[in-house]
Amino acid sequence: MPDLSSKDPDWWRQAVVYQVYPRSFADADGDGLGDLRGITERLGHLAALGVDALWLSPFYPSELADGGYDVADYRDVDPRLGTLDDFDALAAEAHRLGLKVIVDLVPNHTSHRHPWFREALAAAPGSRARDRYVFRDGRGPDGQFPPTDWQSVFGGSAWRQVPDGQWYLHLFTPEQPDLNWNDDEVRADFRTTLRFWSDRGVDGFRVDVAHALTKDLTDPLRDLGAPELSSEKALLTLPPGTHPFFDRDEVHAIYRDWRTIFDAYTPPRMAVAEAWVPGVRRALYARPDELGQAFNFEYLQAGWDAIELRAVITESLETARIAGASATWVLSNHDVIRHASRLSLPPGTDENAWLLGNGHEPAVDRAAGLRRARAAALLMLALPGSSYVYQGEELGLPEVADLPPEALQDPVWEQTGRTRKGRDGCRVPLPWTAEGPSFGFGTGGSWLPQPPWFAGYAVAAQDGAEGSTLELYRAALKLRRKLLQGESLTWVPDAPDGVVHFTRSDGWRCIANLSDTDVQLPPGEVLLSSAPLTDGRVGPDTTVWLG
Ligand code: GLC
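These figures come from a predicted structure and were not determined experimentally.

Q: So, the side chain of Ser111: which residues are in play, and what are the values?
A: For Ser111, the location among the structural elements is in the loop between β3 (100–105) and α4 (115–122). By relative accessible area, which is 0% here, Ser111 ends up buried. Discounting chain neighbours no more than four positions away, the residues touching Ser111 are Asp70, Val71, Ala72, Phe117, Glu175 and Pro177.

Q: Tell me what's going on with the sheet that holds strand β6 (residues 167–169), and back it up with residues and numbers.
A: Ordered by their spatial adjacency, 3 strands build an open sheet running β4-β6-β5, and the pairing between neighbours is antiparallel. In this open sheet, the two strands that pair with only one neighbour each are β4 (135–136) and β5 (159–161). In the sheet, β4 pairs with β6 via 2 bridges, with the strands oriented antiparallel. Across the sheet, residue Arg136 finds its bridge partner in β6, namely Trp167.

Q: If you had to explain the site of the ligand to someone new, which residues and values would you point to?
A: Close contacts around the ligand come from 13 residues, with Asp66, Asp208, Glu274, His334 and Asp335 the closest. In this structure, an oxygen atom belonging to the ligand sits 3.0 Å away from a side-chain N or O atom of Arg423. Within the complex, the protein chains bury 96% of what would otherwise be the 310 Å² of accessible surface of the ligand. Here the residues of the shell around the ligand sort into 3 nonpolar, 3 polar and 7 charged.

Q: Kindly report on the sheet that holds β3, identifying the contributing residues and their values.
A: The strand order β9-β8-β7-β3-β2-β1-β11-β10 describes an open sheet built from 8 strands, whose pairing is parallel. In the strand order of this sheet, the two ends are held by β9 (292–294) and β10 (328–330), each with one partner. Going from strand to strand, the sheet's axes swing by 25° on average, the running direction of each strand aside. Across 4 bridges, strand β1 (residues 16–20) lies against strand β2 (residues 53–56) in parallel orientation. Residue Gln19 lies in a different strand from β2, and its bridge partner there is Trp55. Against the sheet, helix α3 (residues 84–96) touches β2 and β3, its axis set at about 140° to β3. Helix α13 (residues 366–382) contacts β1, β10 and β11 (386–390) of the sheet and is inclined by roughly 150° relative to β11.

Q: Describe in detail the pairing of β3, supporting the description with residues and values.
A: Among the 6 residues that make up β3, 6 are buried, leaving the element largely enclosed by the rest of the structure. By the alternation rule, side chains of β3 split into Lys100, Ile102 and Asp104 and Val101, Val103 and Leu105, which are all buried. Of the pairings in the sheet, the one linking β2 to β3 comprises 4 bridges and is parallel in character. Paired with Leu56 across the bridge in β3 is Val103. Tracing the backbone out of β2, into α3 and back to the parallel element β3 gives a crossover that is right-handed. In terms of strand pairing, β3 meets strand β7 (residues 204–207) through 4 bridges, oriented parallel.

Q: I'd love a proper account of empty space enclosed by the protein, names of residues and values included.
A: The probe, sized like a water molecule, is rolled over the atoms to show the empty space still left. Enumeration according to the criterion identifies 6 cavities of 30 Å³ or more in this entry. If you add up the space inside the largest cavity, you get close to 100 Å³. Every residue lining the largest cavity is listed: Arg282, Ala283, Ala286, Ala294, Asn296, Ser316, Thr319, Ala320, Ala325, Ser326, Ala327 and Thr328. Where the lining of the largest cavity is concerned, the elements lending two or more residues are α8 (279–285) and α10 (306–323). A total of 3 residues in the lining of the largest cavity trace back to one element, the largest contributor, which is α10. When its residues are assigned to classes, the lining of the largest cavity shows 6 nonpolar, 5 polar and 1 charged.

Parameters at a glance
Residues numbered from 1 in each chain as written. Predicted model: local features only at pLDDT ≥ 70, side-chain atom pairs only at ≥ 80, totals over all residues. Heavy atoms only, no water. Helix = DSSP H or I, 4+ residues; strand = E, 2+ residues; numbered from the N terminus. Buried < 20%, exposed > 50% of the residue type's maximum accessible area, 1.4 Å probe, protein only. Contact = heavy atoms within 4.5 Å. Pairing = 2+ DSSP bridges. Near = heavy atom within 4 Å. Polar contact = N/O pair within 3.5 Å; in protein donor to acceptor, adjacent residues only side chain to side chain. Areas by Shrake-Rupley, 256 points an atom, 1.4 Å probe, with all protein chains shown as cover. Nonpolar A, V, L, I, M, F, W, Y, C, P; charged D, E, K, R; others polar. Axes fitted to C-alpha atoms, helices over the stretch in contact; angles between N-to-C directions. Right-handed = clockwise from strand over helix to strand, strands pointing away. 1 Å grid on protein atoms, 1.4 Å probe; cavity = no way out; pocket = protein on both sides within 12 Å on 5 of 7 lines; lining within 4 Å. Points joined across faces, edges and corners; volume = space filled by probe spheres on them.

Fair warning: the whole summary comes from geometry, so function is off the table for now.
So, in structure tokens, the structure goes:
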């Protein structure tokens with residue numbers, strides 16, 4: 001069993017990390033928006049669940065143009081969410097409970113309300129202040145056209161014009177101007193931020209859009225030639241390292257620099273890259289002299305299909321091994337449709353169309369979705385490496401697909417001319433109790449409406465209830481701590497069609513039946529099962545751990 005005590009430099013390699021989306025976790029002051037005190041009050045839930053760490057999505061001062069990923073001050077707390085003292089209290093309580101704390105770092109862009117951007121707007125074209133961002137003259141006779149054809153990830157041009165005629169780059173919303181990482185002051189300031197939080201006892205960092213920081217800013221900037229090339233999907237076809245703003249080779253020097261800061265602490269601070277890049281390239285971010293880990297989104301994007309999952313698992317373990325990293329597994333986060341819904345959509349479903357149709361076309365069977373989500377969770381938690389669990393998945397919470405247009409807050413909705421519904425459906429505040437004005441989220445309301453059926457998923461409704469998803473996660477995490485050994489698995493040969501079957505060291509065995517027929521239960525003591533077993537058979541959409 002790995003030593004998860006506070007001084008172990010490798011504590012993160014096989015940790016289970018729980019993602020807290022602060023606005024939606026718990027609201028202590030009753031204003032309808034989650035806050036840090038709310039999180040501190042509910043840390044007992046995480047300790048009882050048995051996770052090793054929590055990752056906090058941004059809680060920094062922000063106008064919430066992109067859910068807090070538009071940061072106006074990297075070294076403070078948004079007053080609506082609390083104070084630095086509240087943060088210290090949270091971290092202290094987490095550590096007392098044996099939980100590590102990971103914070104979210106957003107280095108690609110600031111908020112347009114950041115003092116640097118205000119200064120840049122007030123300054124003249126060509127000034128130092130503008131050079132911390134990416135300002136350029138436009139094209140066309142009066143510079144009235146954007147400098148390039150680059151598109152924002154959220155839709156529309158990635159450039160916005162300012163009153164004096166220049167344009168600035170924003171790969172996300174216009175309220176998120178991209179920083180210029182060629183600028184020494186930008187680099188120095190982020191070093192300060194890393195030390196600021198590390199000195200406060202933070203154990204690690206999740207690095208937002210880690211693959212976008214460095215851009216090819218050689219003038220004249222070059223066009224991509226087609227709108228779809230502005231998407232990360234282009235990385236699958238373009239020669240590696242040639243995209244003008246994603247996954248450029250220069251970005252790695254930044255992470256090697258950061259590593260010297262992480263390693264100055266005991267234990268060294270860990271980091272995990274959010275990098276939507278193909279597997280082999282992703283491994284580069286996870287090298288031990290860089291961030292150490294990178295999210296594996298191929299696993300999240302894989303269908304509910306044994307052949308596909310097996311291939312993804314094999315490849316992920318291999319790329320992590322080559323990099324000297326540990327593998328990571330993610331089923332849900334604040335950017336994607338919750339897997340209790342996603343896994344029950346027929347293969348090939350257009351997820352955005354499904355959301356636009358309020359989750360009715362096709363209609364999904366919640367019970368069937370939950371069954372798959374439970375099987376998927378036990379499979380994930382048996383894999384070598386670390387798992388990232390998104391708040392609410394331990395409750396089996398489905399996506400809220402039918403949020404009405406007037407409730408939507410995700411900038412994606414407006415920025416795409418109301419053609420992409422966005423990510424609010426997975427960000428609806430958690431139900432803690434079956435009653436109350438916001439199901440125990442707080443004493444007031446909730447910034448996104450919670451549906452009545454949330455009551456059945458509440459923590460209080462599942463706590464101690466035999467067979468509940470919460471109890472399944474608790475049992476799995478407890479067992480996992482006991483069973484964890486090395487970082488490898490062995491595939492069991494000749495698994496029946498539709499079955500994923502492997503062993504870990506010490507005889508721990510996991511069999512997941514993704515087919516629609518029963519399969520024979522292998523010999524061994526049943527330790528845990530995602531669904532009841534009958535007559536020595538493993539039913540469809542069921543995962544079993546055996547000893
Ligand atoms: C990351 C975050 C996402 C955010 C984007 C821009 O992908 O996970 O929520 O919108 O970065 O910061």
